[in-house]
Amino acid sequence: MVEEKRIQVIGQELWSSLQQKPSASEPGWIDKLFDQLMTDSRFRLQALRFVDAVPALSDDAELVRHFNEYFGDIELEALPRLMSWAIRRGANLTHPALVAPAIRQGVKTVAHRFIAGESVDAVLKLARKLGGEGISVSLDRLGEATVSETEAETYQRAYLTLIERAAAAERAVEDLNLSVKVSSLFSQISPLDQDGSVRALKARLRPILLAAMSARIGVTLDMEQYDYKGIILRLFREIAVEEAFRHWSGLGVAIQAYLRDTDDDLAALSDWVAQRGAPVMIRLVRGAYWDQETVSARLQGWPVPVWTEKSDTDACYERGLQRLFENPLFRPAVATHNLRSIACALALAEAHGRDADGYEFQMLHGMADALAPLVTGRERRLRLYLPFGELLPGIAYLVRRLLENSSDQSILPAISHLDLEQVMAPPSPPAAGMESHPEGFANLPLHRFTDEAERAAFAAALERVNGHLGERYPLHLRRHLAVEERIIDSTNPARPSEIVGVVVRAGPDDAELALRQAQAAFASWSGLGLTERAAFLERTAELLTARRDLFAAWEVKEAGKSWSEADGDVAEAVDFLRYYAQQARALQVRPSPSLPGEANRHEYHPLGIGVILPPWNFPLAIPVGMLSAAIVSGNCAILKPASETPLVAWHFCELLRVAGLPDGVVCCLPGSGAEIGEALVRDPRTHFVAFTGSREVGLHLHRLITGQPTGQHHVKRLIAEMGGKNAIIVDSDADLDDVVAGVIESAFGYQGQKCSACSRVICVGAVHDRFVARLIEAARSLRIGDPADAGNRMGPVISASARQRILEAIESASLTATPAYVGEPPQSSEGHFIAPVIFTDVDEDSPLAQEEIFGPVLAILRAADFEDALRIANGTAYALTGGVYSRSPAHLERASEAFQVGNLYLNRKTTRALVQRQPFGGFKLSGMGFKAGGPDYLLQFLHARCVTENTLRRGFAPDSEA
Ligand code: FDA
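Residues numbered from 1 in each chain as written. Predicted model: local features only at pLDDT ≥ 70, side-chain atom pairs only at ≥ 80, totals over all residues. Heavy atoms only, no water.

Novice: So what exactly am I meant to see when it comes to the overall build of the protein chain here?
Specialist: A count of helices and strands for the protein chain gives 34 helices and 28 strands. In terms of overall dimensions, the protein chain is globule-like: its C-alpha atoms have a radius of gyration of 32 Å, near the 30 Å expected for 962 residues. Across its three principal directions, the C-alpha atoms of the protein chain cover 95 × 75 × 60 Å. When burial is assessed residue by residue, the protein chain has 57% of its 962 residues classed as buried. Within the protein chain, contacts between residues separated by at least 24 positions form 77% of all contacts whose residues are at least 6 apart in sequence. Split by element, the accessible area of the protein chain, about 39500 Å² in all, is 52% carbon and sulfur. Separation between the mean location of the 99 positive side-chain charges and that of the 122 negative ones in the protein chain comes to 1 Å. (Helix = DSSP H or I, 4+ residues; strand = E, 2+ residues; numbered from the N terminus. Rg over C-alpha atoms; globule rule 2.2 N^0.38 Å. Buried < 20%, exposed > 50% of the residue type's maximum accessible area, 1.4 Å probe, protein only. Contact = heavy atoms within 4.5 Å. Areas by Shrake-Rupley, 256 points an atom, 1.4 Å probe, with all protein chains shown as cover. Lys, Arg positive; Asp, Glu negative; His and termini not counted. Charge placed at Lys NZ, Arg CZ, Asp CG, Glu CD.)

Next up, the structure:
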C-alpha cells in the first residue's frame, strides 16, 4: 500500500494549486442556482422534477403552467435576469409566451454546462479544440431509454456513424475514445436471461468494436444499473477474448467503487486479464446511480448493493486504485473529481513506477474546470467525458449530474466550504452495523435474478418438476374411496400435449362428504384462539417460503407464467399468509369502551363454512389469500380450484396437511364449477362465498346466494372480486421512456390475463402518435414462447378456448377500430400463443373499449385534454385499477380525486399490487367487499358480537379498568 504521508504531500500540492486559481469575480445566476440546490431540499426536488419535464413541454402555456405548479410557493433566489423581471411582474401568469422562452433558455444554459454539444460536428469540434490543449476525450452519445429493437438498431447505427465521421474528419481527433451504454443496444436486456442478453449484445457491439479498432478509436463500456452489471462484465470479458479483439488494448470497462461487489469483481478481472495477456483499460468511477440503487433495493426488500456510507465507497475506491496500479495489464483510468483520490492515484503511480502514458485521469465535461489544470499542470494525461445529443434524450444524464452536483456527499460542489484536512482525510468507514429491519409485516422480496444462485435454484426447481410430469393426484378427502375414472388432465398451455399432472375430479358425492367433514371440524377449529390459528398460517408461510421455487415452477408449467410472474405469485401467497396472521392477532385486542358500572366486550366470531372459488390466473396467491383469511378467522372452507390450475392448488392443500391443519378444515375439490361449485354455493350449510373471477360468474353467484333455501337460517355473504377495463392516461407531458415500459408491462405482462391489466390507454393531445409509434416497436420486440425459457417475455394464454375467445374479440374489434399492430405468435409451437394486438382509433363506447377481453389486446384512445381523459377513463361499468403518467402535480392531484378506481397508480405500472402496501380491489361492477391484503379484509369472514354487562351490584361497581 502506498504511504499515507506521500498522499498527503501530493494533496497539499494539489490544494495549493487549486487555491492559486483566481476565483470568478461575481457569482452568476447558475452559481446561485447550485447554491440553492444544495441548501434548499424542497427546491432541489422541485427543480430536478421540473428540469426532467421541460423537454416534453413544447407548448409555451404548458411550460409556464408547469413552472408555476412546481415553483408557485417557493422563493426563487436564482433566475436569469429577464425571467425574474417577468415573474416579478406576474407575466408568468398572464403572458406565458413572454416567459416561456426565458425558462427554456435558462434550462438550456444549465444543460450546456454538462452536455458538450447537440450534434456530432459540434462535439468533434470541441474534441479537436481540447486536443490542442493536450486533453483527450471520450464521447458519450446521449439517448432515451431503448424500449424496442428498432431503437436499439438506431443506436448501433448512430455509434457506427459517429466512428465513420470521426475517422473521415479532415483533422482527426487524437486518442479518441467512445463510451458505450450497452443497454441502449438491446431493448430486451434482462438479468433473468444472461445468456440471451450477452449473445444479443455481442452481435450489436461487434461491428462497433471492429469499426472503432480500425479507426484507432478506443471503446469503454459504461457501467450502468446494478441489474446489468453481471451482463456487462460478462460481455466485456467474452468479447475481449474473441480472436478479432484479443490483442487490442483499446477496449475498456467502467467499474463502480460504490458497489459492495467491487473488490471481488476486480480480483476476478485480474485473473481474467492475466489469461488474456493483453492490457485493458479499467475506468474506476464511484458510480452515478447511488440514489436509484438505494431506493429501488429498499422498495423491493433486497439487500442494498451499494455502500451506504460514503467513506465505504471512498475506501473501496482506494483499494480499487491499488489493484489497478499494481497490475501492469490494467491501464487505470482514474475517473473522479475527488482531490484525495487524484492524490492517491498520483502517489500509486509513483510507487509502481508508472509513467504518464501508463494511466490517465478522467473527468466529466462541466465538472473539470477547476481540477483539469491540476492534472495537466503535472503533465499527466487527462481525458474529458463529453456527452452529446439533444436535450430531450439527454435529460436523464442531466438530472444525474444535477443530483450529483447538489448532493452533500459529493466533494466537488462542497470543496469551497472545506479545508485541506477535510478534503484529504483518509476514508474511515464506520464499523459495519446490522441493517435494521422495520418491525412488523414486510413483503417477501421477489427473487433478484441478478444473483446466479437464485437463477440456478429456479432452473433446478423446473428440472425437478419436469421429473414429476404426468403423475396422479388423489383427492384430499378423509376416508374417501376415490372414483378414479373421474380425472382432470392438467396440461401445459405452452405445450398442450404435455400433461403436467392428472388430478382426481370431485363429484357431488365428494362435495357432500366435504361439507359433512367441514361441519364436523368447525367446532374445534373455531374454538381455537385467533393466536393459534395465526401461528398455523405463519407455519404454513414458512413451509411455502422454503418451497417457493418449486411452487413457482409448477406455475410455469401449469399456468404458463414467466419466471418472474410465477415468483411474484408465490411471494404474494406467502404475504397473504403472514399478513392475515398479523391482522388476526390485531383483531383479538380490539378495545371497547367500558365505564364504571358497565363492561363491554366486542368480539369476533367465524361465520361457518365457506366456499372458495378462485381463478386460474394467480393460481396460488388468490386461493391462498381467500382461504387463509377464511380459516384464520375460524371458518372451515371448501376450495374449488379453477379447472385450469388444479395442480398448484393440490400442492398447497398438501402443504396445509404437512403444516398440521386438522382434517375437514379445508377441503380441496377440483371439479366443475357448474357441478360442484354451484351446488356448494346454494347449499344451506354454507355461509359465505369468496370468489374472484369474471363479472358474469360473480353476478350469477350474487343472484344464487340471495335465495333462501329451506333450512338456511342465515344470510349468505359474497366477497367478489370481478373484472376491469382498466385505463392508463398518458398526459401530454409524460415521460415516454417510462410510459412505454409501464404500458408494455401492464398490458402484456402474463399475456394481459390479470384483472389489474391495462386494456385501454388514453392519450392526451399530441402525445398519441409518438407514444403509439414507440409502443408498437416495443411490442414487436417482445419475445414470445415457452415461459420455461427465461428469455421469453410472453407465454401462452391459458387454454385453447381462451385463445379462441380472444381471437374472436380481435376479429370483431377490427371492424370498428384500426389494428395498428397485430403481432405474430411463434409459428412452430403448438401452444396457445397470442402475440400483442394494439388498436388505435377506438370509439370509447365500442365493445373493445367497454368489455373485458382478458388477453394481450390493447385499445388506444385519444382525449382532447386531461379532463376529457378522466371522463373517458371513468366511462365504463368497471372501477378496478387505473394509471396516470404525468409530470404535472396538478393533474396528478386531480386524478387522485376524480379517477374512479379501487387502485390508482401514478407514474407506474398498474399491476403487481403488494399485500399491505397496495390493498387490492375495486367497486362498481369490479367487485364487492373489502380490499384483499388490506386491514379490513378479515372482517368479511366474521360476525361481531357485543356483550354488555351491568357490573353494578347494590351500588357497588368494580373498577372500570377491570
Ligand atoms: P465524490 O467524492 O464527489 O463522490 C460522490 C459519489 O460518492 C457519488 O456519485 C456516489 O457514487 C458516492 N456516494 C454518495 N453518497 C454516498 C453514500 N451515502 N454512501 C456511499 N457512497 C456514496 N458512473 C457510472 O455509474 N458508470 C459509468 O460508466 C461512469 N462513467 C464515468 C466516466 C467518467 C470519465 C467520469 C469522470 C465519471 C463517470 N461516472 C460513471 C460518473 C461517476 O460515477 C460520478 O461522477 C462519480 O461518482 C462522482 O464521484 P467523484 O469520484 O467525482 O467524487
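Novice: Explain the pattern of salt bridges to me, please; I cannot follow it from the model alone.
Specialist: This structure, assessed with the given rule, holds 62 salt bridges. Salt-bridge contacts for D52 lead to R887; the nearest nitrogen and oxygen are separated by 3.1 Å. Residue D52 is located in helix α3 (residues 41–53), and its partner R887 is located in the loop between β24 (881–885) and α34 (889–898); the two are separated by 835 residues in the primary sequence. You can call D52 partly exposed: its relative accessible area is 22%. Look at the salt bridges and you will find they share partners, linking D175, R331, D357, E360, R381 and R383 into a network. (Salt bridge = Lys/Arg side-chain N within 4 Å of Asp/Glu carboxyl O.)

Novice: I keep staring at empty space enclosed by the protein and nothing clicks. Help me out?
Specialist: The rolling of a water-molecule-sized probe over the atoms marks out the regions of remaining empty space. All chains considered together, the criterion is met by 5 cavities of 30 Å³ or more. Taken as a whole, the second largest cavity holds about 120 Å³ of empty space. Around the second largest cavity, the lining comprises 16 residues; the ones closest to its centre are G752, A757, S759, F854 and G855. Of the residues that constitute the lining of the second largest cavity, the class distribution is 7 nonpolar, 5 polar and 4 charged. (1 Å grid on protein atoms, 1.4 Å probe; cavity = no way out; pocket = protein on both sides within 12 Å on 5 of 7 lines; lining within 4 Å. Points joined across faces, edges and corners; volume = space filled by probe spheres on them. Nonpolar A, V, L, I, M, F, W, Y, C, P; charged D, E, K, R; others polar.)

Novice: Would you explain the site of the ligand in this entry?
Specialist: Taken together, 30 residues sit near the ligand, with G287, T313, T336, E404 and I411 positioned nearest. One of the side-chain nitrogen or oxygen atoms of R283 is found 3.5 Å away from a nitrogen atom of the ligand. One nitrogen or oxygen atom from the main chain of I411 is found 2.7 Å from an oxygen atom belonging to the ligand. Protein contact buries 95% of the 950 Å² of open area that the ligand shows by itself. Examining the composition of the shell around the ligand, we find that 3 residues originate from one element, strand β7 (residues 360–364), more than from any other. Class assignment of the residues belonging to the shell around the ligand gives a composition of 13 nonpolar, 10 polar and 7 charged. (Near = heavy atom within 4 Å. Polar contact = N/O pair within 3.5 Å; in protein donor to acceptor, adjacent residues only side chain to side chain.)

Novice: Before we go on, may I ask you to explain the sheet that holds strand β9 (residues 471–473) in this structure?
Specialist: Hydrogen bonding along the main chain pairs the strands of a sheet, whether they run parallel or antiparallel. Read across the open sheet, the 3 strands follow the order β9-β11-β10; overall the sheet is mixed. The open sheet is flanked by β9 and β10 (487–492), the only strands paired with a single partner. In this sheet, adjacent strand axes meet at a mean angle of 35 degrees when their direction is disregarded. Of the strand pairs in this sheet, β10 and strand β11 (residues 495–504) are connected by 6 bridges, and their pairing is antiparallel. (Pairing = 2+ DSSP bridges. Axes fitted to C-alpha atoms, helices over the stretch in contact; angles between N-to-C directions.)

Novice: Before we go on, may I ask you to explain the sheet that holds strand β3 (residues 218–221) in this structure?
Specialist: Ordered in space as β1-β2-β3-β4-β5-β6-β7-β8, the 8 strands form a closed barrel in which the pairing is parallel. Looking at each pair of strands side by side, their axes are set apart by 30 degrees on average, direction ignored. Here strand β2 (residues 177–180) runs beside β3; their pairing, made up of 4 bridges, is parallel. Across the sheet, residue N177 finds its bridge partner in β3, namely G218. The strands touched by helix α17 (residues 391–405) within the sheet are β1 (135–141), β7 and β8 (382–388), with β7 carrying the most contacts at an inclination of about 100 degrees.

Novice: Could you clarify how one ought to interpret the packing of aromatic side chains in this entry?
Specialist: When we look at a pair of aromatic rings, we describe it by the centre distance and by the angle of the planes. Evaluation of the coordinates by the stated rule reveals 23 aromatic pairs. Ring centres of Y359 and F361 lie 5.7 Å apart, and the angle between their planes is 70 degrees; this geometry places the pair in the edge-to-face category. An identical accessibility class is assigned to Y359 and F361; each is buried. Plain terms: the ring middles of W616 and F854 are 5.8 Å apart, the flat faces sit at 80 degrees to each other, and that makes the pair edge-to-face. On the criterion of sequence distance, the pair formed by W616 in the loop between β13 (609–613) and α25 (621–632) and F854 in the loop between α32 (847–850) and β22 (857–863) is long-range, its members being 238 residues apart. (Phe/Tyr/Trp six-rings, centres within 6.5 Å; stacked < 30°, edge-to-face > 60°.)

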